[in-house]
Amino acid sequence: MKLIRFGEIGREKPGVLLEDGTRLDASGFGPGYDEEFFAIDGLTKLRNWLARQGASTLRVRKSVRLGPPICRPSKIVCRRLNFRDHAEESGMEIPKEPVIFLRPHRRWWGRTILW
């Protein structure tokens with residue numbers, strides 16, 4: 001099971017992608033996958049909900065747009081793919097390991113801003 005969100009930009013609903021490729025609407029379970037969802041062991045609760053409700057849950061067509069699976073993340077962990085290029089451009093030594101960093105995020109006038 002993979003977490004998905006589907007629908008129009010800014011109006012995505014939670015869903016799940018099953019191993020067989022079936023997309024299920026999980027909006028009957030709750031509002032979405034955010035920090036609170038993970039804090040309350042939401043994955044276990046979602047699996048239990050699917051075991052009870054999965055057969056009667058609406059299917060999501062493959063033509064429906066998928067958005068980011070996690071809504072309102074407070075931080076994003078990034079791995080710089082082009083760290084070699086950045087090091088060469090700045091005249092620095094090429095790192096021996098990939099650079100990993102956090103990007104905190106804020107909301108400003110309804111827009112998500114990455115700092």
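This text follows the structure it describes.
Remember, it's a predicted structure, so these values are computed and weren't measured experimentally. (Residues numbered from 1 in each chain as written. Predicted model: local features only at pLDDT ≥ 70, side-chain atom pairs only at ≥ 80, totals over all residues. Heavy atoms only, no water.)

**A short note on the overall build of the protein**
The condition is simple: In this text, helices come from DSSP runs of H or I with a minimum length of four residues, and strands from runs of E with a minimum of two, each type numbered from the N-terminal end. Accessible surface area values rest on a Shrake-Rupley calculation with a 1.4 Å probe, where residue burial reflects the displayed protein chains alone.
When its secondary structure is counted, the protein shows 3 helices and 7 strands. Secondary structure elements of the protein occur, N-terminal to C-terminal, as β-β-β-α-α-β-β-α-β-β. Looking at the protein as shown, the accessible area adds up to about 8700 Å², and 55% of this sits on carbon and sulfur atoms.

**Some words on unusual backbone geometry**
What counts here: Here's how the labels work: a residue is buried when its accessible area is under 20% of the maximum for its type, exposed when over 50%, partly exposed in between, all with a 1.4 Å probe on protein chains only.
Located in the positive-phi region is Asp 41, a residue other than glycine, with phi close to 60 degrees. Along the chain, Asp 41 falls in the loop between α1 (35-39) and α2 (42-53). Given a relative accessible area of 42%, Asp 41 falls into the partly exposed group.

**Some remarks on the pairing of strand β2 (residues 13-17)**
If a strand is regular, its side chains alternate between the two faces of the sheet. Here is the rule we go by: When DSSP locates at least two bridges between a pair of strands, those strands are taken to pair.
Sheet analysis places strand β1 (residues 2-6) next to β2, joined by 5 bridges and oriented antiparallel. Within β2, the residue paired with Phe 6 across the bridge is Lys 13. The antiparallel pairing of β1 with β2 creates a hairpin that spans 6 residues between the two strands, and Gly 7 there sits at a positive phi of about 120 degrees. The turn linking β2 back onto strand β3 (residues 23-25) is made up of 5 residues, and Gly 21 within it adopts a positive phi angle of 95 degrees.

**Let's talk about the sheet that holds β1**
Strands in a sheet are paired, the pairing made by backbone hydrogen bonds, and the direction either parallel or antiparallel. Taken together, 4 strands build an open sheet; the order of strands is β3-β2-β1-β4 and the sheet is antiparallel. Each edge of the sheet is formed by a strand with only one pairing partner; in this case those strands are β3 and β4 (66-67). Two elements, β1 and β4, share 2 bridges in a ladder whose sense is antiparallel. Each residue of the ladder has a partner; that of Phe 6, found in β4, is Leu 66.

**As for α2**
To keep it simple, the criterion reads: A helix is expected to reach a length of 1.5 Å times the quantity of its residues less one. An arc is given here, and it is the one of the directions from the helix axis to the C-beta atoms. Note on contacts: a residue pair qualifies if any of its non-hydrogen atoms lie within 4.5 Å across the two residues.
With 12 residues, α2 should reach 16 Å at 1.5 Å per residue; the first-to-last C-alpha distance of 15 Å fits that figure. Here α2 has its buried residues at Gly 42, Leu 46, Trp 49 and Leu 50. The buried side chains of α2 occupy one side of the element, clustering within an arc of 100 degrees when seen end-on. Away from its buried face, by an angle of more than 90 degrees, α2 presents the exposed residues Ala 51 and Arg 52. Against the buried residues of α2 lie β1, β2, β3 and α1.

**Overview of a nonpolar patch on the surface**
What counts here: Distance thresholds for patches are 9 Å for like charges and 5 Å for nonpolar side chains (Val, Leu, Ile, Met, Phe, Trp, Tyr), applied to residues having over 30% relative accessible area and no salt bridge. Take a side-chain nitrogen of Lys or Arg and a carboxyl oxygen of Asp or Glu: if they are within 4 Å of each other, that pair is a salt bridge.
Together, Val 77, Ile 100 and Leu 102 make up an exposed nonpolar region whose accessible area comes to about 330 Å². Take Ile 100: it is sitting in strand β6 (residues 100-108).

**Some points on the packing of aromatic side chains**
Which entries qualify depends on this criterion: Between rings of Phe, Tyr and Trp, where Trp is taken as its six-membered ring, a pair exists when centres lie within 6.5 Å; planes separated by under 30 degrees are stacked, by over 60 edge-to-face, and by other angles tilted.
Here the structure, examined in full by the defined rule, presents 4 aromatic pairs. Centre to centre, the rings of Phe 29 and Phe 37 are 6.2 Å apart; their planes meet at 85 degrees, and the pair counts as edge-to-face. For Phe 29, a relative accessible area of 27% puts it in the partly exposed group. Overall, Phe 37 belongs to the buried group, its relative accessible area being 4%. Plain terms: the ring middles of Phe 37 and Phe 38 are 5.0 Å apart, the flat faces sit at 85 degrees to each other, and that makes the pair edge-to-face. Aromatic ring contacts, followed pair by pair, group Phe 29, Tyr 33, Phe 37, Phe 38 and Trp 49 into a single cluster.

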